[in-house]
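Inside the fold
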Amino acid sequence: MEPFTRYTAIAAPLDLANVDTDQIMPARFMRRPRDERYATYGFHDQRFTPDGAKRPDFILNQPPFDAAGILVAGRNFGVGSSREAAVYALAAMGFRCVVASSFGDIFFSNALKNGLLPVKLPESAVSALRQAISASPGVTISVDLQTQILTAPDGSTHEFVVPGFARDCLLRGLDEIGLTLTLEPEITAFEARRNGG
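An account of the accompanying structure is given in this report. (Residues numbered from 1 in each chain as written. Predicted model: local features only at pLDDT ≥ 70, side-chain atom pairs only at ≥ 80, totals over all residues. Heavy atoms only, no water.)

**A look at the pattern of salt bridges**
On inspection of all chains with the given rule, the structure shows eight salt bridges. Ionic pairing is found between R37 and D35, a salt bridge with its closest N-O pair at 3.1 Å. Judged by relative accessible area, which is 35%, R37 ranks as partly exposed. Connected through salt bridges with shared partners, the residues D15, E123 and R130 form a single ionic network. (Salt bridge = Lys/Arg side-chain N within 4 Å of Asp/Glu carboxyl O. Buried < 20%, exposed > 50% of the residue type's maximum accessible area, 1.4 Å probe, protein only.)

If you want it as structure tokens, here you go:
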């Protein structure tokens, strides 16, 4: 997993509340292999017509938002089922951070475990960010996980909090398996002692 320290990217506004994980990653794609096609699964039914053409009216299909790395969403983002593949799809689309006033609990946890930073801010701040992004397409947002500060396009700053353990893992670029592997010397030594070696 790539470490997340400071990230600056074009931001895209998604002015929708209660976006559930089935909207982010439709269930019919769940059995597909996790490969380059995952980028087309994210928000599939909003992004594409039944015959596969891009819907020009969907915000994430419009330049420069189609190259965004930060998504500024409505409240209750990622609610619904526990599908971790919703995070995979967002990451495959190029997102490293989602900003919202609230998240589904399981989505929030899955995001942190897979290198996607969920940033919770007050609804008024999130709404102002979406308005600023919509008014000036292509503007960037910076997110500093070390200081836990988001810098808006106008230079204003917003503090956010990420749970300590998850923050440490993101800063170090470690998922749970990677974290366990940092203990490999101790594990090997224990196994040797246990086996009488």
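**A few points about the pairing of strand β5 (residues 140-144)**
By the criterion of burial, β5 is predominantly enclosed, with four of the five residues buried. Bridging between strand β1 (residues 6-14) and β5 involves five bridges; their strand directions are antiparallel. Considered in β5, the bridge of T8 is made with S142. One ladder, built from three bridges, connects β5 with strand β6 (residues 149-151); its direction is antiparallel. By the bridge assignment, S142 is partnered in β6 with T151. Hairpin connection between β5 and β6: a loop of four residues separates the two successive antiparallel strands, and Q148 in this loop has a positive phi of roughly 60 degrees. (Helix = DSSP H or I, 4+ residues; strand = E, 2+ residues; numbered from the N terminus. Pairing = 2+ DSSP bridges.)

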